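Now for the letters of each chain:
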Amino acid sequence: MIEFRSVGFSYPNGVRALSAINATIQKGEFVFIAGPTGSGKSTALKMIYRELKPTFGEIWVNGLNVGTIPPKRIPYLRRTLGVVFEDFKLLHGRTVFQNVAYALEVVGTDRHEIERQVGRALQLVALGHKADQNVEHLSGGEQQRTSIARAIVNGSNLLIADEPTGHLDAETGWEIMQIFEQINKEGATVVVATHNIDWIERLQKRVIFIYEGETIEKYIKGANRLGLSNSSVLSP
Amino acid sequence: MASRTLQFFLLELSNSLKRNILMLVASVTTVTILVFLLGLFLLFFMNFQRIRSAIASELEIHAYLKQQTTDDQALTLKHHLASLTHIRSVRYVTRDEALSELRKDTKGEIDLSGIINNPLPAYLSIQVDNPESIPAVASAIQSMKEVEQVNYFQKIIDQFVSLFKTAERLFLGLVILMLLCTLMIIHNTIRLCVFSRKKEIEIMQLVGATSSFVRWPFILEGAFYGLLGATLALIFLAPCYHALVSEMSIIFPILPLAKGHELFPLMLWLLVIGTSVGCSGSYLSVNRYLHC
Ligand SMILES: Nc1ncnc2c1ncn2[C@@H]1O[C@H](COP(=O)(O)OP(=O)(O)OP(=O)(O)O)[C@@H](O)[C@H]1O
Ligand SMILES: [Mg+2]
């Protein structure tokens, strides 16, 4: 579903964020991308939805070499996946419903279909009762659930989350992680970047480590041998 | 565009206007003030040109004919002149008509009854298309064999021509400057409005909106600002101009000032300018944040 082939990325100011990313994420998997702050997790995810273009190497998403698609095709790539951010990135001044519906408006879905799909997505994140609330009047957890609903409403089977619990307290964060697990159980591929070791230990999923711009891929089963509970794990 | 999408854009427009009421006020006020000033300038310019051509149409060249010229020769010459470029019309005034014109002009204040042999020459009265061509036309006529002398108040006309030329250039320069200022200031205001919604634009793109899908509601919004601003400007402009014109017609009743339906084209232009500046301002500003 997603494949990084020797991907490297340098920012225009010369900062080399990634130097050798190699990873394959299978359809239906739930994968964590971990690593210390500044290691390049966000940079790697941004290349999946073509917010950034790899400086070298290739990234394949759903059979598409996303580094080479023309800018005009970017919106179509983004409609095949959903992205959730640390800061929610909701459209202010709009209701929960309008925010979720926006992902369907862009493809010209008709009104009845929008109501049906948004209703379904909101139910999955247990936010149906707040559909007509302005998103600015929601708690952080509710805002994040709105953004998850928006990410899945178009029926895409790939969910990408960048530090989705960063702005939330532990308990709310855990609820969000459970929603991801639920979405994954229903068949979607889920990729979550985080440096929250707690989630990684509790969920027991595969982890792709990024350290100094390179991947170190290990299964969680071996994580204890690596000393995962201890931050020294992050040095190879 | 699918009607479903159009419906969504209109809904977006109305929601956005409600949400961004401060920007609405700022943009519309800017457009109103600038279109008002531009309108005032254009009205002055338009009336200036009307006065100028009214004066120009009064100006004529008199070509006095030699004594021995017959009516037939004079009429042939008249037709020949009428066919030349720059000449709008030619009127033949016979010696008798010249005398009766003189009688009429002097209104009996001078006793002309003693005149037995009419001393006045016949002449051709020539109107040209614009005052600038008078000197050239006059010298061409002077060289014709039937013509004794040409008279066209050379000095006054030369002064008139150069005065109006200078004034017209100055005016045109100011109008262009004003138009540029209007474009720039409105663009800048809209740019600030769009800038404050940079994040919104980024989010829309992240969710899979194409550039044109993001752009359209902004363009509609820009058009709305422009149209509303220009309409308000016209609403303020109309009574101001009306008052000015009535004052002026009391002082100078003969001034051919533009009134009523003659103003419609100008009004339409101001609406078009306002709306298109709003559209293009939005278009250019949004484009800065779109990736294609
Ligand atoms: N826009 C940018 N311009 C220049 N350098 C950048 C930019 N964004 C990130 N970087 C640099 O690239 C490197 C990787 O950053 P990135 O945001 O991908 O790290 P991260 O693993 O997501 O960190 P965190 O866990 O703190 O979110 C860092 O050294 C960072 O300073
Ligand atoms: Mg990050």
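Along each chain, the written sequence defines residue order, and numbers are assigned to residues from 1. By the order in which they are written, chains take letters starting at A while ligands take numbers starting at 1. Thresholds applied to this predicted model are a pLDDT of at least 70 for local features of residues and 80 or more for the giving and counting of side-chain atom pairs; totals over whole chains, interfaces and linings are not thresholded and use all residues. Calculation of side-chain values draws on the structure's entire complement of heavy atoms; hydrogens and water are dropped beforehand.

Digging into the overall build of chain B
Move 1: Regarding its fold elements, chain B presents 9 helices and 4 strands.
Move 2: Put simply, DSSP marks the helices as runs of H or I at least four residues long and the strands as runs of E at least two long, and each gets a number from the N terminus on. Each helix and strand of chain B, ordered N terminal to C terminal, gives the series α-α-β-α-β-α-β-α-β-α-α-α-α.
Move 3: Only C-alpha atoms enter the radius of gyration, while the globule expectation follows 2.2 Å times N to the 0.38, with N the number of residues. Over its C-alpha trace chain B gives a radius of gyration of 30 Å, far above what one expects of a compact globule, namely 19 Å for 292 residues.
Move 4: Projected onto the principal axes, the alpha-carbon positions of chain B cover approximately 100 × 40 × 35 Å.
Move 5: Accessible area is worked out with a 1.4 Å probe on protein chains only. A residue is then buried under 20% of its type maximum, exposed over 50%, and partly exposed in between. Out of the 292 residues belonging to chain B, those deemed buried represent 42%.
Move 6: Contacts between residues were defined by any pair of non-hydrogen atoms, one from each residue, lying within 4.5 Å. Summarising the internal contacts of chain B: among those between residues at least 6 apart in sequence, 84% fall at separations of at least 24.
Move 7: As used throughout, the charge tally considers Lys and Arg to be positive and Asp and Glu to be negative, leaving His and the chain termini uncounted. For this purpose, a charge sits on NZ of Lys, CZ of Arg, CG of Asp or CD of Glu. Put simply, chain B has 24 plus and 22 minus side-chain charges, and the middle of one group is 14 Å from the middle of the other.

Structural notes on the site of ligand 1
Residue and element names in this part refer to chain A.
Move 1: Around ligand 1, a shell composed of 13 residues is seen, among which Thr 37, Gly 38, Lys 41, Ser 42 and Thr 43 lie nearest.
Move 2: Any N or O atom pair separated by 3.5 Å or less is treated as a polar contact, with the protein-specific requirement of one donor-capable and one acceptor-capable atom, and with residues adjacent in sequence counted only for side-chain atom pairs. One of the side-chain N or O atoms of His 195 is found 3.4 Å from an oxygen atom in ligand 1.
Move 3: Using a 1.4 Å probe, accessible areas were evaluated by the Shrake-Rupley method; residue-level cover was limited to the displayed protein chains. Isolated, ligand 1 exposes 630 Å² of accessible area, and the fraction of that covered by the protein chains is 63%.
Move 4: A total of 3 residues in the shell around ligand 1 trace back to one element, the largest contributor, which is helix 1 (residues 41–48).
Move 5: Think of it as three bins: nonpolar holds Ala, Val, Leu, Ile, Met, Phe, Trp, Tyr, Cys and Pro, charged holds Asp, Glu, Lys and Arg, and polar takes everything else, Gly as well. Taken together, the residues that form the shell around ligand 1 break down as 4 nonpolar, 8 polar and 1 charged. Note on terminology: near, applied to a residue and a molecule or strand, indicates that one of the residue's heavy atoms is within 4 Å of it.

Observations regarding the interface of chain B and chain A
Move 1: Taken together, the contact between chain B and chain A spans 18 residues of the former and 27 residues of the latter.
Move 2: A 1.4 Å probe defines the accessible area here, and the buried area is the portion of it lost by two parts on being joined, summed over both. Buried area between chain B and chain A, both sides added, is near 2000 Å², and the carbon and sulfur share of it is 61%.
Move 3: Summed over the three residues of chain B that lose the most area to chain A, namely Arg 4, Leu 206 and Val 207 of chain B, the buried surface amounts to 31% of that side.
Move 4: Any carboxyl oxygen of Asp or Glu that lies within 4 Å of a side-chain nitrogen of Lys or Arg is treated as forming a salt bridge with it. Connecting chain B to chain A are 3 salt bridges.
Move 5: Arg 4 of chain B is the salt-bridge partner of Glu 105 of chain A, the closest N and O atoms lying 2.9 Å from each other.
Move 6: Seen at the junction of chain B and chain A, the total is 7 residue pairs in polar contact (both at pLDDT 80 or more).
Move 7: Per-element tally for the side of chain B that touches chain A: the top contributor is helix 1 (residues 3–19) of chain B, with 6 residues.
Move 8: Looking at the side of chain B that touches chain A residue by residue, the classes come out as 8 nonpolar, 6 polar and 4 charged.

As for the side chain of Arg 50 of chain A
Residue and element names in this part refer to chain A.
Move 1: One can find Arg 50 in the loop between helix 1 and strand 4 (56–61).
Move 2: In this structure Arg 50 is buried but unpaired, with Glu 51 as the nearest side chain of opposite charge at 8.7 Å.
Move 3: Among the polar contacts made by the side chain of Arg 50, one reaches the main-chain carbonyl oxygen of Gly 67 at a distance of 3.4 Å.
Move 4: Within the structure, the side chain of Arg 50 is placed 2.9 Å from the backbone oxygen of Ile 69, a separation counted as a polar contact.

Overview of helix 6 (residues 170–185) of chain A
Residues and elements named next belong to chain A.
Move 1: If you check helix 6, its first and last C-alpha atoms are 22 Å apart, about what 16 residues at 1.5 Å a residue would give, namely 22 Å.
Move 2: Here helix 6 starts with a cap whose side-chain oxygen sits 3.1 Å from the backbone nitrogen of Glu 171, and that cap is Asp 169.
Move 3: Two residues or fewer after helix 6 comes Gly 187, characterised by a positive phi angle close to 120°. How far a helix is expected to stretch is found by multiplying one less than its residue total by 1.5 Å.

Things to note about the environment of Ile 185 of chain B
Residues and elements named next belong to chain B.
Move 1: Examined against the element boundaries, Ile 185 turns out to sit in helix 6 (residues 154–195).
Move 2: Once the C-alpha coordinates of Ile 185 and Gly 281 are considered, the two residues, 96 residues apart in sequence, prove to be 9.8 Å apart.
Move 3: Here Ile 185 is in contact with Thr 30 and Leu 34, once residues within four sequence places are set aside.

Points about the sheet that holds strand 2 (residues 87–93) of chain B
All names here are of chain B.
Move 1: Taking strand neighbours across the sheet as the criterion, the 4 strands line up as 2-3-1-4 in an open arrangement whose pairing is antiparallel. Either end of the sheet is taken by a strand with one partner, and the two such strands are strand 2 and strand 4 (147–151). In this sheet, adjacent strand axes meet at a mean angle of 20° when their direction is disregarded.
Move 2: Pairing between strand 2 and strand 3 (residues 123–128): 6 bridges, direction antiparallel. When DSSP locates at least two bridges between a pair of strands, those strands are taken to pair. The convention used is that axes are lines fitted to C-alpha atoms, helices contributing only their stretch in contact, and that angles between N-to-C directions extend from 0 to 180 degrees.

Notes on a nonpolar patch on the surface
All names here are of chain B.
Move 1: Patches draw on residues past 30% relative accessible area with no salt bridge. Two like charges within 9 Å are joined, as are two nonpolar side chains (Val, Leu, Ile, Met, Phe, Trp, Tyr) within 5 Å. On the surface, a nonpolar cluster with roughly 400 Å² of combined accessible area is contributed by Leu 172, Ile 176, Leu 179, Leu 180 and Leu 183.
Move 2: One can find Leu 179 in helix 6.
Move 3: The class of Leu 179 is partly exposed, set by a relative accessible area of 31%.

A look at the packing of aromatic side chains
Move 1: We call Phe, Tyr and Trp rings a pair once their centres come within 6.5 Å, taking the six-membered ring for Trp, and we label the pair stacked below 30 degrees between planes, edge-to-face above 60, and tilted otherwise. In the structure shown here, the tally under the stated rule is 13 aromatic pairs over all chains.
Move 2: Both rings, one in Phe 8 of chain B and one in Phe 213 of chain B, keep their centres 5.6 Å apart while their planes meet at 15°; by these two values the pair is stacked. With Phe 8 of chain B in helix 1 and Phe 213 of chain B in helix 8 (residues 211–251), the pair connects residues that are 205 residues apart, well separated along the chain. Phe 213 of chain B matches Phe 8 of chain B in its accessibility class, with the two residues each being buried.
Move 3: A network of ring pairs unites the aromatic residues Tyr 102 of chain A together with Phe 8, Phe 9 and Phe 213 of chain B as a single cluster.
Move 4: When the NZ atom of lysine or the CZ atom of arginine is within 6 Å of a ring's centre and also within 35 degrees of its normal, the charge is said to sit over that ring. One Lys or Arg, Arg 73 of chain A, reaches over the ring of Tyr 76 of chain A and ends 4.6 Å from the middle of that ring.
Move 5: Its end group placed over the ring of Phe 85 of chain A, Lys 89 of chain A keeps NZ or CZ at 5.2 Å from the ring centre.

Digging into the packing of helix 5 (residues 140–152) of chain A against helix 6 of chain A
Describing two packed helices takes the angle between their axes plus the distance from one axis to the other.
All names here are of chain A.
Move 1: Interaxial distance between helix 5 and helix 6 falls to 10 Å at its minimum, and their mutual angle equals 15°. In terms of their interaxial angle, helix 5 and helix 6 are classed as roughly parallel. Here helix 5 runs over helix 6; the crossing is right-handed. Contacts between helix 5 and helix 6 involve Gly 141, Gln 144, Arg 145, Ile 148 and Ile 152 from the former and Thr 172, Ile 176, Ile 179, Phe 180 and Ile 183 from the latter.
Move 2: Partitioning the contact of helix 5 with helix 6 into residue classes produces 6 nonpolar, 3 polar and 1 charged. Note on angle classes: values under 35 degrees are labelled roughly parallel, values over 145 roughly antiparallel, values of 65 to 115 roughly perpendicular, and the remainder oblique. Each helix crossing is assigned a hand: it is left-handed if the near helix lies turned anticlockwise from the far helix by less than a right angle, otherwise right-handed if that turn is clockwise.

Details of the confidence of the model for chain B
Move 1: Mean pLDDT over chain B: 85, with 98% of residues reaching 70 or higher.
Move 2: For this predicted complex, the interface confidence score (ipTM) comes to 0.88, while the overall pTM stands at 0.78. Looking at any residue, its pLDDT shows the predictor's confidence there, from 0 to 100.

Comments concerning the pairing of strand 4 of chain A
All names here are of chain A.
Move 1: Both strand 1 (residues 2–10) and strand 4 contribute to a ladder of 5 bridges, which runs antiparallel. The partner of Phe 4 across the bridge, within strand 4, is Ile 59.
Move 2: Of the pairings in the sheet, the one linking strand 4 to strand 5 (residues 64–65) comprises 2 bridges and is antiparallel in character. Within strand 5, the residue paired with Val 61 across the bridge is Leu 64.
Move 3: Hairpin remark: strand 4 followed by strand 5, antiparallel, with 2 residues in the connecting loop; positive phi at Asn 62, about 50°.

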